[in-house]
Amino acid sequence: MRAAWKILCLSAIVLAATLGVAHLLVPDVGPVGYAEEPQSSWAILTAFALRAVALTAAWVAIITSSLLVGTKLYRTLR
């Protein structure tokens, strides 16, 4: 169970770090290139990459927390 807690904490740290970096580097840029005014390609690509890493970290955290809750319920009911 310690490995699951480490994965959960690591994914939460990665999620927070990528959201913070995205807020600092590209605050008003979405990962899609459609906007009212032209945006630089590096900003769009950076926003896309940071969003992909953040969403992956969020899914890992959700899956790990589901595994931890399921294991706890299984041990409690058994």
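Use the structure listed above.
Being a predicted model, the structure only gives us computed values, none of them experimental.

Caption draft 1: Region of the structure containing the overall build of the protein chain. Along the backbone of the protein chain there are two helices and zero strands. For the protein chain, the C-alpha radius of gyration of 17 Å lies well beyond 12 Å, the compact-globule estimate for 78 residues. The 78 residues of the protein chain split such that 21% are buried. Contacts in the protein chain between residues far apart in sequence, at least 24 positions, make up 60% of those at least 6 positions apart. With an accessible surface of roughly 6,200 Å², the protein chain has 71% of that area assigned to carbon and sulfur atoms.

Caption draft 2: The arrangement of the nonpolar core in detail. Val26, Val29, Ala43, Ile44 and Ala47 form the largest nonpolar core, which has five residues in total. With sequence-adjacent residues up to four places away left out, valine 29 is seen in contact with Gln39, Ala43, Ile44 and Ala47.

Caption draft 3: A look at helix α2 (residues 41-77). Between its first and last C-alpha, α2 extends 54 Å over 37 residues, near the 54 Å set by a 1.5 Å rise per residue. Buried residues of α2: Ala43, Ile44, Ala47, Leu50, Ala54, Ala57, Ala61, Thr64 and Leu68, and no others. Buried residues along α2 sit against α1 (2-25).

Caption draft 4: Structural context of the side chain of threonine 18. In this structure, threonine 18 sits in helix α1. Non-local contacts of threonine 18, meaning those with residues more than four positions away in its chain, are made with Leu50, Val53 and Ala54.

Caption draft 5: Representation of a nonpolar patch on the surface. Together, Leu55, Trp59, Ile62 and Ile63 make up an exposed nonpolar region whose accessible area comes to about 450 Å². Inspection of the secondary structure puts isoleucine 63 in helix α2.

Caption draft 6: View of the environment of lysine 6. Positionally, lysine 6 belongs in helix α1. Remark: the alpha-carbon pair of lysine 6 and serine 66, spanning 60 residues in sequence, is separated by 14 Å.

Caption draft 7: Main features of the environment of valine 21. Mapped onto the secondary structure, valine 21 falls in helix α1. For valine 21, a relative accessible area of 35% corresponds to the partly exposed category. Aside from chain neighbours lying at most four places away, what touches valine 21 is Val26 and Leu50.

Parameters and conventions
Residues numbered from 1 in each chain as written. Predicted model: local features only at pLDDT ≥ 70, side-chain atom pairs only at ≥ 80, totals over all residues. Heavy atoms only, no water. Helix = DSSP H or I, 4+ residues; strand = E, 2+ residues; numbered from the N terminus. Rg over C-alpha atoms; globule rule 2.2 N^0.38 Å. Buried < 20%, exposed > 50% of the residue type's maximum accessible area, 1.4 Å probe, protein only. Contact = heavy atoms within 4.5 Å. Areas by Shrake-Rupley, 256 points an atom, 1.4 Å probe, with all protein chains shown as cover. Core = buried A, V, L, I, M, F, W, Y, C linked by side-chain atoms within 4.5 Å. Expected span 1.5 Å × (residues − 1). Patch = residues over 30% accessible without salt bridge, like charges linked within 9 Å, V, L, I, M, F, W, Y side chains within 5 Å. Salt bridge = Lys/Arg side-chain N within 4 Å of Asp/Glu carboxyl O.

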